[in-house]
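Okay, here's what each chain looks like letter by letter:
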Amino acid sequence: MEAHNPHGGLTTWAYELAASSETARAAVIDEIGNRFFDGTCPESLLKDVGLLPSRSACPPVQPPSLAEEYLRLCRKVEAAEAHGDHDRTTTDIRTQPVRSDDSRRAVLLRSNGRCENPLCAGQPDDVTDSGAPILEVDHVDDRAAWGRDHPEQMIALCPNCHATKTRGRTRETLRNLLRHEAQSRHRTWIAQVAST
Ligand SMILES: [Zn+2]
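Residues numbered from 1 in each chain as written. Predicted model: local features only at pLDDT ≥ 70, side-chain atom pairs only at ≥ 80, totals over all residues.

In terms of nonpolar packing, the biggest core is built from 19 residues, with C115, I155, A156 and L157 touching the most fellow members. Excluding residues that lie within four positions of it along the chain, I155 makes contacts with V107, E116, D138, V140, L178, E181 and A182. (Core = buried A, V, L, I, M, F, W, Y, C linked by C-beta atoms within 7 Å. Buried ≥ 20, exposed ≤ 12 C-beta atoms within 10 Å, placed from the backbone. Contact = placed C-beta atoms within 7 Å.)

Remark: helix α4 (residues 66-82) packs on helix α5 (residues 101-111), axes separated minimally by 9 Å, with the N-to-C direction vectors making an angle of 155 degrees. It follows from the interaxial angle that α4 and α5 lie roughly antiparallel. At the point where α4 passes α5, the crossing takes the left-handed sense. Note on element contacts: α5 touches α4 through D102, S103, R105, A106, L109 and R110, opposite L66, E69, Y70, L73, C74, K76 and V77. Here the contact of α4 with α5 is built from residues that sort into 7 nonpolar, 1 polar and 5 charged. (Axes fitted to C-alpha atoms, helices over the stretch in contact; angles between N-to-C directions. Helix = DSSP H or I, 4+ residues; strand = E, 2+ residues; numbered from the N terminus. Parallel < 35°, antiparallel > 145°, perpendicular 65-115°, else oblique. Left-handed = near helix turned anticlockwise from the far one by under 90°. Nonpolar A, V, L, I, M, F, W, Y, C, P; charged D, E, K, R; others polar.)

The geometry of α4 relative to helix α7 (residues 171-194) is characterised by a closest axis approach of 9 Å and an angle of 115 degrees between their N-to-C directions. With respect to α7, the axis of α4 lies roughly perpendicular. Judged by the sense of rotation from one axis to the other, the crossing of α4 with α7 is left-handed. Taking contact as the criterion, the partners of A67, E68, Y70 and L71 in α4 are, on α7, W189, I190, Q192 and V193. Split by residue class, the contact of α4 with α7 holds 6 nonpolar, 1 polar and 1 charged.

Another point: α4. For α4, spanning 17 residues, the distance from its first C-alpha to its last is 24 Å, which sits close to the expected 24 Å at 1.5 Å a residue. Three or more residues of α4 are buried, namely Y70, L73, C74 and V77. All buried residues of α4 project into a common sector of 100 degrees when viewed along the axis, lining one side. Along α4, exposed side chains directed more than 90 degrees from the buried face belong to R75, A79 and A82. In this fold, the buried residues of α4 make contact with α5 and α7. Two residues or fewer past α4, G84 is found with a positive phi of approximately 85 degrees. (Expected span 1.5 Å × (residues − 1). Arc of directions from axis to C-beta.)

The following block contains the structure:
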């Protein structure tokens, strides 16, 4: 909330998570209470923002399967593309195309925490302070040159593979391989939803 706009409430993804998971909802309510209200969140506020746990108002929602979540994120990205949002730049001063957080999250979901380069010689087994795998989400065709910001053309890479793709002598061959890999993984994930 502080990073975005304290008056604007939760970001969409945070709200959706809180609305679909009792555990996440409890954690959000705890955090808001501790941070802004000396420990206890006013019930009227929770009711206003739709976070009041209530069996009748909020029936338990089955968490979406990973493939369904992947598809949902892809559809959001495509809607933003159709709306022209992906054609915008982040600032007026530096011409940098926007990078969608939804695309990034979808690719990380699809990677299952492992480098998606089929020729990867091994990614670090260590994790970040937050417990996340050491992966970088990369656009197969550079986003700075307006490569498409869609999971179908993005790939999760370990630092070694990312460096090879950026600076290695074989980078163009690798880029073609990764383009096929991203498309193939994307099709497989979408097909999982269609077959359920
Ligand atoms: Zn790798």
